[in-house]
Structures are given as C-alpha cells and as structure tokens.
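# Results of the structural survey
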Number of protein chains: 2
Amino acid sequence: MRGASAARHPVAYEGGVTGTPRGELMQIGQVAERTGLSLRTIRFYEENGLVIPTARSEGGFRLYSENEVARLEVIKRMKPLGFSLEEMQELLTLLADLNAATGDREQLVDRLRMFHEAATARVTALKKELAVAEGFATTLAERLDASR
Amino acid sequence: MRGASAARHPVAYEGGVTGTPRGELMQIGQVAERTGLSLRTIRFYEENGLVIPTARSEGGFRLYSENEVARLEVIKRMKPLGFSLEEMQELLTLLADLNAATGDREQLVDRLRMFHEAATARVTALKKELAVAEGFATTLAERLDASR
DNA sequence: AAACTCGTCCCTCACGTCAGGGTTGGTTGC
DNA sequence: GCAACCAACCCTGACGTGAGGGACGAGTTT
C-alpha cells in the first residue's frame, strides 16, 4: 500500500509532519478531499483552463501543489457570485496581473471595477432570492400549522 | 394588433377595466408579460406538466386563465428554493389536495412537512452563499482600494 | 398586413456517471 | 532479487442531465 493510504482515512493531514512534507506534490484525490470538490469538477476546471496541475507523474497522474489548492479555494469563494467559468478565469488572471504590478494598471483596475459591480449586483440579487425563499418557507409553515 | 399592445408596455394591467375583462382567456404572450417568464419557459413548464393551458384556440394557440397565472406566480416564488420542476409539481398538487380536504390528510401533511424542512434547509444554504458572496465582494473592494 | 404563435430542433453550462483501461507502490512467492 | 499480484488510485472519452435559450419555417389572429 502507498503512503497515501495512511492519509486516506481520518489520520490527520496536518502541516508537513506526516502527510505531505511541504513542497511535495499531491494527486487529484487529495486535492479533492481538501477542497471538497469532486474529481470530475477539478478535471473539468482544467479542461477550461482554470486550474492546471503543476506536473504529471510518469504515468500521467495529475500532480498539484499548494498553489493550485489555493486557486481552487478562491474559485469556491467565487461560485456563489454566479460567474461563469470563463469569467472566473478572467478574474483570476486579472488579480494575478494586478499583483505582478505590470505597466498599464488602468485597464486592469477598470476591469476589476466591473467585476466588483457585477459582484455587488449579484449580492443584492441573492438577498432578494433569500427574501423570496424565506417568504415561501413561512407560507409552507403556515399551511402546516393550518392543517394540524 | 391585439389589445395587448397597449398593455405590452408599462400601461397598468389593472382589474378588468381595460385589459382582459375578467373571465376572458389570454394567450401565451400576455401570460409571459404578466409573469415575467419567457414564452419558452412557459411552454417548457407545460411539457413537464407544471402548468397546462385551460384551452386551445381553433388554430392551436394556448389559452390561459387567471388560474394558470396564479400557478406560475407560485412557481416563481418557489424557484429560489432550488426545487426541481418535478418537486414543484408535486408540491403544487400536494397543496391543491390539501385544500380539497380529501380523506387521508396524514400522508399529505407528512410530505408537506418534508417540503418545509427542505425549504428551511435551502434557506440556510442560501444565507451561507450570501455570506460567501458578500465576503468575496468586499475582498474585491479591498483590492480596488489597494490599487488606486 | 402585422403581430402573434406553433412545434421542432439544436445549443448552453457545469458538471454527473459510466465504461474500460492504465499507474503506483507495497507485499508475496520463488 | 525480482517477477507477480493486489488494492487503491487515476486516466481518457463519451454520453446524460436540468432548465431553459434561440432560430426556423409555417400557421393563426386580428
């Protein structure tokens, strides 16, 4: 059995002591476990250029570093905003570019502003949805009460 | 041109004075206008047994009564709860059956309770999503601030 | 004639699911 | 000391799903 088997079950996967001694690469299953995403989803994200493994094993296994995991976590945070995968990719590279502090920040910041606007718009939409959902839930509750 | 043209735009569709003189049937376009759903969506709902026109014209046009419009409004209220069309249909008939006060209410009420539970669960999920969305939005705002 | 509607068909998005085969790495048998 | 084996893991590819969107050519209403 492989070392993975030890981490497969509830044996702690803590910082570098047992599991993956910092700097080591993990394969897709471990990434899925840590991010809560499905293997299929992670592969799908790759198909769409969102998260590309840093390496492949001899036999073709995807190998990821902490970097990719972080990227996936960001994506998870973006999801409720309802952006498409394409938009998420754009935003991710946009943020990276901004961090890289390359020349013409103007355009970048402009696009960032647009994303921010879209985000707040979506937030208000979500609030509205939530209100409707709550309303319907209480309607159901009343019906329940009525027919008791 | 149909009388609809007047109502097509923000002319109020108020109680039976101008528009559709109570008791009259309307065709799909008018229903779409009133509910804010697309024609395609309404037809799609029919395909799935959710809302069936009370009648058809000689030539096959769908004709709806206020009843159907009400049903569509209920569906609209359900949507944020994330139920599938099948579940929505079930819930709709369930509510109708309950109103009809037929025999074995026990089972019906039980199912209703399940729906209510699902609804509240979904509400908490929505709240969580909203929180994440808000969090990300402020993250974006901070980035914007930082690169100003 | 203009506006409206019909049914049919293919498209989208973000995955789920299934099939069939390959890889990894530890343990056995020789 | 090394081939065989095994379980767990992973691969690609293809098709399915849910909830519609869009386009089309033809028919209907007004």
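Look a little higher up for the structure.
Everything quoted here is computed from the prediction, not taken from an experiment.

The next subject is the sheet that holds strand β1 (residues 26-27) of chain B. Backbone hydrogen bonds are what pair the strands of a sheet, in a parallel or an antiparallel way. Residues and elements named next belong to chain B. Spatially, β1-β3-β2 is the arrangement adopted by the three strands of the open sheet, whose pairing is antiparallel. Two strands bound the open sheet, and with one partner strand each, they are β1 and β2 (55-56). Pairing geometry for β1 and strand β3 (residues 62-64), over two bridges, is antiparallel. Bridging across to β3, Q27 finds its partner in L63.

Let us now look at the relation of the copies chain A and chain B. When chain A is brought onto chain B, the operation consists of a screw motion whose angular component is 180° and whose axial shift is 0.0 Å, with 0.1 Å RMSD remaining. The two molecules are tied by a two-fold rotation axis, judged by turn and shift.

Right, let's talk about helix α3 (residues 39-47) of chain A for a bit. Residue and element names in this part refer to chain A. Taken together, the buried positions of α3 are I42, Y45 and E46. Along the axis of α3, the buried positions cluster into a sector of 100°, meaning they face one direction only. Turning to α3, the residues buried within the fold contact α2 (28-35), β2 (55-56), β3 (62-64), α4 (66-78) and α5 (85-99). Of the residues trailing α3, G49 is marked for its positive phi of about 75°.

In spatial order, the strands read β1-β3-β2 (chain A); together these three strands make up an open sheet with antiparallel pairing. Each having just a single partner strand, β1 (26-27) and β2 of chain A make up the two edges of the open sheet.

Residues and elements named next belong to chain A. Looking at where S38 falls in the secondary structure, it is placed in the loop between α2 and α3. Since its relative accessible area comes to 34%, S38 is described here as partly exposed. With ten residues separating them along the chain, S38 and I28 place their C-alpha atoms 9.3 Å apart.

Analysis parameters
- Residues numbered from 1 in each chain as written.
- Chains lettered and ligands numbered in written order.
- Predicted model: local features only at pLDDT ≥ 70, side-chain atom pairs only at ≥ 80, totals over all residues.
- Heavy atoms only, no water.
- Pairing = 2+ DSSP bridges.
- Helix = DSSP H or I, 4+ residues; strand = E, 2+ residues; numbered from the N terminus.
- Least-squares fit on C-alpha atoms with pLDDT ≥ 70 in both.
- Buried < 20%, exposed > 50% of the residue type's maximum accessible area, 1.4 Å probe, protein only.
- Arc of directions from axis to C-beta.
- Contact = heavy atoms within 4.5 Å.

Keep in mind these numbers describe shape, not what the thing actually does.
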